[in-house]
Amino acid sequence: MKLQVTQENLNKALSSVSRTASTKSTLPILSNVLLKTVGNRLSIAATNLDIAITHNIGSKIASEGTITVPARLTQDFVNSLPSGVIDLELEDNKLHISTEKYQSTINGVSAEDFPVMPEITDGSTITVKAKVLKESLSQVIIAASNDEARPVLTGIYMHTNNGDLYFVATDSYRLAEKKVMPLTQDVKLLVPANAMQDLLRILPDDVDSVEIVYDDQQVCFRAGDIELVTRMIDGEYPNYRGLIPSAFENSASVSRADFVNITKVSSLFARESAGSITLSIDEDKKELSITSVASQIGDNTAAATAKVEGKGSITLNSRYVLDGLNVFNGSDVALQFNGKLDASQLIDLKHNDYIHIIMPLKS
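Numbering of residues starts from 1 in every chain and runs along the sequence as written. Residues qualify for local features only when their pLDDT is at least 70, as the model is predicted, and side-chain atom pairs are given and counted only at 80 or more; totals for whole chains, interfaces and linings, by contrast, use all residues. Working from all heavy atoms in the structure, the side-chain values ignore hydrogens and water.

A. Quick peek at helix α1 (residues 7-18). Helix and strand definitions here come from DSSP, where helices need a minimum of 4 consecutive H or I residues and strands a minimum of 2 consecutive E residues; each element is numbered from the N-terminal end. To estimate the expected span of a helix, count its residues, drop one, and scale the result by 1.5 Å. If you check α1, its first and last C-alpha atoms are 16 Å apart, about what 12 residues at 1.5 Å a residue would give, namely 16 Å. Throughout this description, buried means an accessible area under 20% of the type-specific maximum (1.4 Å probe, protein chains only), exposed means over 50%, and partly exposed covers the range between. Listed as buried for α1 are Q7, L10, N11, A13, L14, S16, V17 and S18.

Here it is, written out as structure tokens:
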């Protein structure tokens, strides 16, 4: 293998894939990245057996070949090189990397033992605008669980209902649902949230759309020169729609910026009580107020002008409230709830495609 690439392109590709390389696996080769010539391009890939990421870059190839090299060392070294052309030459499993002022040799391992990149040969395909996919994933991924004891809750549930594609995540304490786009084909995909974190990290800003190809076991996301393949989670996603109340007795419409500010201030006094804050609305006062108490420090009440219907209070986790508020796009939101023990809901008053459900704490 002998070729030339630019430092900028190689560094970007290594940055995309190297985090996926596993340093804790019992298979040492999984801590390597695969370098492989494909036509007039260099393919850089890494996998941890659950997720595989491939990034193709343009190159000037003199001779073909393939090798695996340590991911972290190669990434750090290429990142340290000045911009310009890099020469790569493989001799006896040793990769020689050179520029005008730098020469280095990295001992590689034959690619024969590297896991084959999974391929979906007979799958279904949907196409989503890249901007829409990024926004949708960002809005729901915050509600996914990281508790491996309940694996289905560690995923993003992508499914169709009544002619629309939805993304959903829940950890049983909160739930986020995003209506993504109209879609008539039947879709039910349970995708690991950590794979979608990787996808958000590597999605290029200059691509217009993402192709999603899937079969019964895995799903592939293709965007420009980047491809991410992940195994899907086995299991049936819970019937989450039963958690969403059909109507609310109490509602406060308020500026999102004001809501964020009073929640942040109140959360400072809620650290002792695991983030517990009490949100109250009063139709007469026309305001949303938040109270928090720290027995050793003091207490706090902060309020914002609101358009209020009803009267009541509910105790929520301040971090969950802030997480939800921070992913809304509109300038005005509404907090809706019934009794103290019922689920509350945050909605965007301008866009009706996203809801954030938060379960109450015992006050």
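That covers the picture; the talk isn't over yet.
B. Up close: the packing of aromatic side chains. Only centres within 6.5 Å qualify two rings of Phe, Tyr or Trp (six-membered ring in Trp) as a pair; their planes then separate them into stacked at under 30 degrees, edge-to-face at over 60, and tilted for everything else. Counted according to the given criterion, the structure contains 2 aromatic pairs. Geometrically, a charge over a ring is one whose NZ (Lys) or CZ (Arg) sits within 6 Å of the ring centre while staying within 35 degrees of the ring normal. If you follow R241 out to its NZ or CZ, it ends over the ring of Y166, 4.9 Å from the centre.

C. Fine view of the pairing of strand β3 (residues 41-47). Among the 7 residues of β3, 6 are classified as buried, and the element is accordingly described as predominantly covered. One bridge is not enough; two strands pair if DSSP finds at least two bridges between them. In this sheet, β3 lies alongside strand β2 (residues 32-38) in antiparallel orientation, the contact comprising 5 bridges. Looking across to β3, one finds that L34 is bridged to A45. Between β2 and β3, which pair antiparallel in sequence order, lie 2 residues; one of them, G39, sits at a positive phi of approximately 65°. Summarising the sheet, β3 and strand β4 (residues 51-58) pair through 7 bridges and their orientation is antiparallel. Looking across to β4, one finds that A45 is bridged to T54. The loop that links β3 with its antiparallel partner β4 comprises 3 residues; one of these, L49, has a positive phi angle of about 80°.

D. Highlighting the packing of α1 against helix α2 (residues 71-80). With axes taken as lines fitted to C-alpha atoms, and helix axes fitted only over the stretch in contact, angles between N-to-C directions fall between 0 and 180 degrees. Where α1 contacts α2, the two axes come as close as 9 Å, and the packing angle between them is 150°. Seen along the crossing, α1 lies across α2 with a hand that is left-handed. Along its contact with α1, which presents Q7, L10, N11, L14, S15 and S18, the element α2 presents A71, T74, Q75, V78 and N79. Within the contact of α1 with α2, the residues separate by chemical class into 4 nonpolar, 7 polar and no charged. Handedness of a helix crossing follows the sense of rotation of the near helix relative to the far helix, less than a right angle counterclockwise being left-handed and clockwise being right-handed. Contacts are residue-level and defined by heavy atoms, with any inter-residue pair within 4.5 Å sufficient. Here the term charged refers only to Asp, Glu, Lys and Arg, the term nonpolar to Ala, Val, Leu, Ile, Met, Phe, Trp, Tyr, Cys and Pro, and the term polar to all other amino acids, Gly among them.

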